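# Chains, contacts and geometry: an overview
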Amino acid sequence: MSVFQGIGKIQYEGKQSKNPLAFKHYNPDEIVLGRRMEDYLRFAVAYWHTFVGEGSDPFGVGTAIRPWQGSNGLDLAKRRVEASFEFYEKLGIPYFCFHDRDIAPEGDTLRETNKNLDVIVGMMKDYMKTSKVKLLWNTANMFTNPRFVHGAATSSNAEVFAYAAAQVKKALETGLELGSENYVFWGGREGYESLLNTDMKLELDNLARFLRMAVDYADEIGYKGQFLIEPKPKEPSKHQYDFDAATTIAFLKTYGLDDRFKLNIEANHATLAGHTFEHELHVSRINGMLGSIDANQGDTLLGWDTDEFPTDLASVTLAMYEIVKNDGLGSGGVNFDAKVRRQSFDAEDLFYAHIAGMDTFARGLKAAARLIEERVLDQVLEERYESFRSGIGLEIVSGKADFKSLEAYIIDKGEIQNKSGRLEQIRSLLNEYIF
Ligand code: XUL
Ligand code: CO
């Protein structure tokens, strides 16, 4: 029985199409830089926003009209699974992602909660036998339940640490069962409010202990997914330990975990940290740590995580530029951690929103490919850093120079000539490729 009545399979119809339920740019089989578009982008639906969220905000209840409403508990969970697979198939999206608590309700004990989870995971597994749709990543929600008031792996209460460990243990088993290609840690409440009552050193040490236990357990059960950490600077914690890419990489290196983890970079988290999306992707890439992305966008006029569907073509092009330079995302992908606006309450809006995001990323990929093929920004960098390719610059980068040789070189040279950075010209050139 169809849940999304009146909507068929979304097709690629090309740029000239006026059909709002068709792709204008996302053409999964089209080859870009030698790879199928679908393989470059590896799109995923975020279960929480699309099948659980109903448009509530701190000032009002949900507004969404969803075909699966009217049931609750495990019945509701099952109806969501049915709807979700119909949605994936109709949209032609290859992946989905979830938190454990998105897919099944909690029971009175962890044992009961795990039983509920088993029912839904079994159901998903059955669907996945006949569907081509795969699980890009799963994660554990260790921030909604009041027990996580002081954090999970960084809680001041050791019993909460134990509970979180048991929860991630089960989540890794779930990942193994459903073949998730990655496992994500987003530390919703792994942070602090005030140093007056926080032992930061103990909390960071515990977080590292926790992640090591996760890696060890994955190895023990043969779970092969890539571990990812998703940085975010704030919200819900005032100060989250995984503030941004650079902070997270430093943490992983400090504790010797950097060989087992990569980063899942989210656009809106980047801007909350005072960075651009491409900055966070770039920092991850040049450190060999770019694993996956949460595709969305924030609102520059608002100071919180608005999780809008990504439609900003300029930002997405620069993001795809980093991803192509990274030779793709490996086992990662482009997860739409995005929600339709509260006023977009029709079930059909879920399709429009994903189509908008997928078309924007397809355009971004094509524009990034042209920039790379024509070496537009490579040339900018070559020209700007030309002085390091010969003479004294080459001596610096090849390690031959020291303070004494540099002083001898420069001391009688007189004033140095600099060249213009020509940023306005470069931005104008970039527009030619984007629009
Ligand atoms: C929260 C957020 C999460 C993670 C998964 O801002 O992005 O949904 O992606 O826990
Ligand atoms: Co996210």
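These notes cover the structure that comes with them. (Residues numbered from 1 in each chain as written. Chains lettered and ligands numbered in written order. Predicted model: local features only at pLDDT ≥ 70, side-chain atom pairs only at ≥ 80, totals over all residues. Heavy atoms only, no water.)

## Some details on the packing of aromatic side chains
Counting across every chain of the model gives 32 aromatic pairs. Linked through ring pairs, Phe4, Tyr47, Phe51, Trp68, Phe85, Phe87, Tyr88, Phe96, Phe98, Tyr127 and Phe351 together constitute an aromatic cluster. A cation sits over an aromatic face here: Arg147 above Tyr163, 3.9 Å from the ring centre. (Phe/Tyr/Trp six-rings, centres within 6.5 Å; stacked < 30°, edge-to-face > 60°. Lys NZ or Arg CZ within 6 Å of the ring centre and 35° of its normal.)

## Re the packing of helix H11 (residues 313–325) against helix H12 (residues 347–373)
The N-to-C vectors of H11 and H12 enclose an angle of 60°; their axes lie 7 Å apart at closest approach. It follows that H11 is oblique to H12 by the angle criterion. In this structure, H11 crosses over H12, and the sense of that crossing is right-handed. Within the contact between the two elements, H11 uses Leu313, Val316, Thr317, Met320, Tyr321, Val324 and Lys325 and H12 uses Thr360, Phe361, Arg363, Gly364, Leu365, Ala367, Ala368, Leu371 and Ile372. Of the residues assigned to the contact of H11 with H12, the class counts are eleven nonpolar, three polar and two charged. (Axes fitted to C-alpha atoms, helices over the stretch in contact; angles between N-to-C directions. Helix = DSSP H or I, 4+ residues; strand = E, 2+ residues; numbered from the N terminus. Parallel < 35°, antiparallel > 145°, perpendicular 65-115°, else oblique. Left-handed = near helix turned anticlockwise from the far one by under 90°. Contact = heavy atoms within 4.5 Å. Nonpolar A, V, L, I, M, F, W, Y, C, P; charged D, E, K, R; others polar.)

## Regarding empty space enclosed by the protein
Counted under the stated rule, the structure contains two cavities of 30 Å³ or more. Around the largest cavity, the lining comprises 17 residues; the ones closest to its centre are Met142, Phe185, Trp186, Gly187 and Glu190. Broken down by secondary-structure element, the contributors of at least two residues to the lining of the largest cavity are strand E8 (182–185) and helix H7 (200–221). Classifying every residue of the lining of the largest cavity by side-chain character gives eleven nonpolar, three polar and three charged. Considering only enclosed or pocket space, the second largest cavity measures out at about 40 Å³ in volume. Taken together, the elements giving at least two residues each to the lining of the second largest cavity come down to strand E12 (261–266) and helix H9 (267–272). Within the lining of the second largest cavity, the residues separate by chemical class into five nonpolar, one polar and four charged. (1 Å grid on protein atoms, 1.4 Å probe; cavity = no way out; pocket = protein on both sides within 12 Å on 5 of 7 lines; lining within 4 Å. Points joined across faces, edges and corners; volume = space filled by probe spheres on them.)

## A few points about helix H6 (residues 158–178)
Residues separated by three or four positions in an α-helix point in the same direction, a consequence of the helix having 3.6 residues per turn. Counted at 1.5 Å a residue, the expected span for H6 with its 21 residues is 30 Å, and the 30 Å between its end C-alpha atoms agrees. Three or more residues of H6 are buried, namely Val160, Phe161, Tyr163, Ala164, Gln167, Val168, Lys170, Ala171, Leu172, Thr174, Gly175 and Leu178. Regarding H6, its N-cap is Asn157, as a side-chain oxygen of that residue lies 2.9 Å from the backbone nitrogen of Glu159 further along. Backbone geometry just downstream of H6 places Gly179 in the positive-phi region, at approximately 70°. (Expected span 1.5 Å × (residues − 1). Buried < 20%, exposed > 50% of the residue type's maximum accessible area, 1.4 Å probe, protein only. Polar contact = N/O pair within 3.5 Å; in protein donor to acceptor, adjacent residues only side chain to side chain.)

## Notes on the coordination of the cobalt ion (ligand 2)
The cobalt ion (ligand 2) binds to the protein through Glu230 (OE), Glu266 (OE), Asp294 (OD) and Asp337 (OD); the donor distances cover 1.9 to 2.1 Å. Coordination at the cobalt ion (ligand 2) is octahedral: its six donor atoms span angles of 81 to 171° at the metal. By relative accessible area, Glu266 is classed as buried at 1%. (Donors = N, O, S within 2.8 Å, 3.2 Å for Na, K, Ca; no water. Tetrahedral: all angles 85-135°; square planar, octahedral: opposite > 155°, others 65-115°.)

## Digging into the pairing of strand E13 (residues 290–294)
Where a strand is regular, its side chains alternate between the two sheet faces. By the criterion of burial, E13 is predominantly enclosed, with five of the five residues buried. Here E12 pairs with E13 via four bridges, running parallel. When the bridges of E13 are listed, Asn264 appears paired with Ser292. Inspection of the sheet shows E13 paired to strand E14 (residues 334–336) by two bridges, in the parallel sense. Residue pairing in the sheet places Asp294 in a bridge with Asn335 of E14. Note on the crossover from E13 through H11 to E14: the handedness is right-handed. (Pairing = 2+ DSSP bridges. Right-handed = clockwise from strand over helix to strand, strands pointing away.)

## What to know about unusual backbone geometry
In this model, Glu235 is joined to Pro236 through a cis peptide bond whose omega is 5°. Its identity is not glycine, yet Leu33 carries a phi of approximately 50°, on the positive side. Relative to the helices and strands, Leu33 is located in the loop between strand E3 (31–32) and strand E4 (35–36). Look at Arg422: it is not a glycine, yet its phi comes out positive at around 50°.

## Considerations on the packing of H6 against H7
With their axes 10 Å apart at the nearest point, H6 and H7 run at an angle of 35° to one another. Taken as a pair, H6 and H7 cross one another with a handedness that is right-handed. Taking contact as the criterion, the partners of Phe161, Ala164, Ala165, Val168, Lys169, Leu172, Glu173 and Leu176 in H6 are, on H7, Asn206, Phe210, Met213, Ala214, Tyr217, Ala218 and Ile221. Its residues assigned to classes, the contact of H6 with H7 shows twelve nonpolar, one polar and two charged.

## Remarks on the sheet that holds E8
Where strands meet in a sheet, backbone hydrogen bonds hold them as pairs that are either parallel or antiparallel. The sheet built from eight strands closes into a barrel, its strands ordered E5-E6-E7-E8-E10-E12-E13-E14 with parallel pairing. Along the sheet, successive strands turn relative to each other by an average axial angle of 30°, direction set aside. Pairing geometry for strand E7 (residues 134–139) and E8, over three bridges, is parallel. Pairing of Asn138 across the sheet is with Tyr183, part of E8.

## Some words on the site of ligand 1
Taken together, Trp48, His99, Trp137, Trp186, Glu230, Lys232, Glu266, His269, Asp294, Asp305 and Asp337 are the residues near ligand 1. Between an oxygen atom of ligand 1 and a side-chain N or O atom of Lys232, the distance comes to 2.9 Å. A distance of 2.9 Å separates an oxygen atom of ligand 1 from a polar side-chain atom of His269. For ligand 1, the protein covers 93% of the area, taking 290 Å² as the surface of the free molecule. For the shell around ligand 1, the class distribution of residues is three nonpolar, two polar and six charged. (Near = heavy atom within 4 Å. Areas by Shrake-Rupley, 256 points an atom, 1.4 Å probe, with all protein chains shown as cover.)

## A word on the environment of Asp57
Relative to the assigned elements, Asp57 resides in the loop between helix H2 (47–52) and helix H3 (73–91). Looking at Asp57, the relative accessible area reads 35%, which means it is partly exposed. Expressed as a C-alpha distance, the spacing of Asp57 and Arg363, which sit 306 residues apart in the sequence, is 32 Å.

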